[in-house]
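Residue-level structure breakdown
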Amino acid sequence: MTRRIDRLWLTDFRNYTSTEVEFAPGITAIVGRNGHGKTNLLEAIGHLSGVAIRGAASSTMVRVGAERAIVRAEAQRANRDLLIEAEIAVQGRNRLQVNRQPVRRRRDLADALAVTVFSPDDLELVKGGPGGRRDWLDDAVVALDPRAEEVGVDVDKSLKQRNALLKSVRMKGARKAFAESAALTLDVWGDRFA
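Residues numbered from 1 in each chain as written. Predicted model: local features only at pLDDT ≥ 70, side-chain atom pairs only at ≥ 80, totals over all residues. Heavy atoms only, no water.

**Looking at the sheet that holds strand β1 (residues 3-13)**
Let me state the cut-off plainly: Each pair of strands is called paired provided DSSP finds at least two bridges between the two strands. Secondary structure counts use DSSP, requiring at least four H or I residues in a row for a helix and at least two E residues in a row for a strand, with both numbered from the N terminus. Contact definition: two residues touch when any of their heavy atoms are within 4.5 Å. Axes, fitted as lines to C-alpha atoms, cover a helix only where it is in contact. Angles between the N-to-C directions of the axes lie from 0 to 180 degrees.
Spatially, β2-β1-β3-β4-β5-β6 is the arrangement adopted by the six strands of the open sheet, whose pairing is antiparallel. The sheet terminates laterally at β2 (16-22) and β6 (101-102), the two strands that pair on one side only. As paired strands, β1 and strand β3 (residues 68-77) are joined by eight bridges and run antiparallel to one another. Note on β3: the bridge partner recorded for Arg4 is Gln76. Helix α1 (residues 38-49) contacts β1, β2, β3, β4 (80-89) and β5 (95-98) of the sheet and is inclined by roughly 110 degrees relative to β1.

Rendered as structure tokens:
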């Protein structure tokens, strides 16, 4: 499925007061001197797709002295025109829209614009603990099939319930009646988690 950005507008985003960038079809190289905003452009695109480039709080994306930043892109997905817009507020709620419709779920963004980021921080996938690898894999699965996000939410709920039950068994000791009841319930949560 072809997805691309044709035009990007930034207002009060990071170091940009106001700018417009037009992208030609094909591969685009963003070049320039250090500190001139190359990564900021990529961060704006990432924000429109729900991908955090730097992992910073969204309020830090607003240019110093401004109350909000606007990021807007004209894009195409399978030869269908899209308008993706984000309003990032220093205080209050951020807004995100695709074709003037509010975005309520992350998968709605993945349907509109798919972004893949590889940075030096990604070496933590290899060097770091298993939690980072699980998070990365979860994000990859959702990017491939956005409906999988709901499964991830169910898995997280099951894991929390299972862990809470294990904690309560440890806290209440090994009273036989409670331990037998907890074992049955633990099987249910374990099966659901699996």
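**So, the environment of Leu41**
Among the secondary structure elements, Leu41 is positioned in helix α1. Residues Leu41 and Phe13, 28 residues apart in the sequence, show an inter-C-alpha distance of 9.0 Å. Those residues in contact with Leu41 that sit more than four places away from it in its chain are Leu8, Leu10, Tyr16, Val21 and Ile30.

**Points about the environment of Asp121**
Under the convention used in this document: Note on exposure labels: buried denotes an accessible area under 20% of the residue type's maximum, exposed denotes more than 50%, and partly exposed covers the range between, all computed with a 1.4 Å probe on protein chains only.
Mapped onto the elements of the fold, Asp121 is located in the loop between α2 (106-112) and α3 (124-127). A relative accessible area of 59% places Asp121 in the exposed class. Along the backbone, Asp121 and Arg54 are 67 residues apart, and their C-alpha atoms lie at a distance of 9.3 Å.

**Notes on the pattern of salt bridges**
The following threshold applies: Criterion for a salt bridge: a side-chain nitrogen of Lys or Arg within 4 Å of a carboxyl oxygen of Asp or Glu.
Inspection of every chain in the model, using the stated rule, returns eleven salt bridges. Asp6 serves as the salt-bridge partner of Arg4, at 2.7 Å between the closest nitrogen and oxygen. What makes Arg4 partly exposed here is its relative accessible area of 29%. Residue classification places Asp6 among the buried residues on the basis of a relative accessible area of 17%. Between Glu67 and Arg68 there is a salt bridge whose closest N-O contact spans 3.9 Å. On the basis of relative accessible area, Arg68 is assigned to the partly exposed category, the value being 38%. One salt-bridge network, in which partners are shared between bridges, spans Arg7, Glu20, Glu22 and Glu74.

All we've got here are geometric facts, nothing functional implied.
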